[in-house]
Amino acid sequence: MEVIHTTADLEVRRKSGRHLIIVKPELEDRFLWSMRRAALQPKLPSHPKELQTLLNLPKHPAHRLFREGLSELHKVATAQKISTFITDLERIIQTLL
């Protein structure tokens with residue numbers, strides 16, 4: 001696979017017209033780091049491994065809180081023009097469409 005774009009948090013690879021977006025090192029780590037960068041307090045565990053454990057459980061209430069946190073992060077980061085994994089992801093996806 002050919003690497004076509006890299007940021008501190010994301011890597012985009014392409015092969016045969018298909019794309020793979022990799023969140024690095026892990027989604028939970030980048031989510032918590034981005035929340036701190038945007039000066040937001042997540043309503044979830046502050047350690048990536050603890051958050052990952054909860055999100056691995058089907059139908060756990062943490063999934064709703066995580067989605068709400070992503071939405072809030074996107075709104076704040078966009079309004080304040082803060083580069084976070086979610087704003088970078090949005091920008092990259094827009095270029096791929």
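Residues numbered from 1 in each chain as written. Predicted model: local features only at pLDDT ≥ 70, side-chain atom pairs only at ≥ 80, totals over all residues. Heavy atoms only, no water.

1. Quick look at helix 4 (residues 85–96)
Here is step 1: Across its twelve residues, helix 4 extends 16 Å between first and last C-alpha, which sits within 8% of the 16 Å expected from 1.5 Å per residue.
Here is step 2: Buried residues belonging to helix 4 abut strand 1 (2–6), strand 2 (10–15), strand 3 (18–23), helix 1 (27–37) and helix 3 (62–80). (Helix = DSSP H or I, 4+ residues; strand = E, 2+ residues; numbered from the N terminus. Expected span 1.5 Å × (residues − 1). Contact = heavy atoms within 4.5 Å.)

2. Topic: the sheet that holds strand 2
Neighbouring strands of a sheet are bound in pairs by backbone hydrogen bonds; such pairs are parallel or else antiparallel.
Here is step 1: Strand order in the open sheet made by the three strands is 1-2-3, with antiparallel pairing throughout. Every other strand in the sheet has two partners, leaving strand 1 and strand 3 as the edge strands with one partner each. Across the sheet, the axes of successive neighbouring strands diverge by a mean angle of 25 degrees, strand direction being ignored.
Here is step 2: As paired strands, strand 2 and strand 3 are joined by six bridges and run antiparallel to one another. By the bridge assignment for strand 3, R14 is matched with H19.
Here is step 3: This element, helix 4, spans strand 1, strand 2 and strand 3 of the sheet and lies at about 25 degrees to strand 2. (Pairing = 2+ DSSP bridges. Axes fitted to C-alpha atoms, helices over the stretch in contact; angles between N-to-C directions.)

3. Describing the packing of helix 3 against helix 4
Here is step 1: At a minimum axis distance of 8 Å, the contact between helix 3 and helix 4 shows a crossing angle of 80 degrees. Taken together, the axis directions place helix 3 and helix 4 in an arrangement best described as roughly perpendicular. Residues L70, L73, H74, A77 and T78 of helix 3 form the contact with helix 4, whose own contacting residues are F85, I86, T87 and E90.
Here is step 2: Tallied by class, residues from the contact of helix 3 with helix 4 come to five nonpolar, three polar and one charged. (Parallel < 35°, antiparallel > 145°, perpendicular 65-115°, else oblique. Nonpolar A, V, L, I, M, F, W, Y, C, P; charged D, E, K, R; others polar.)

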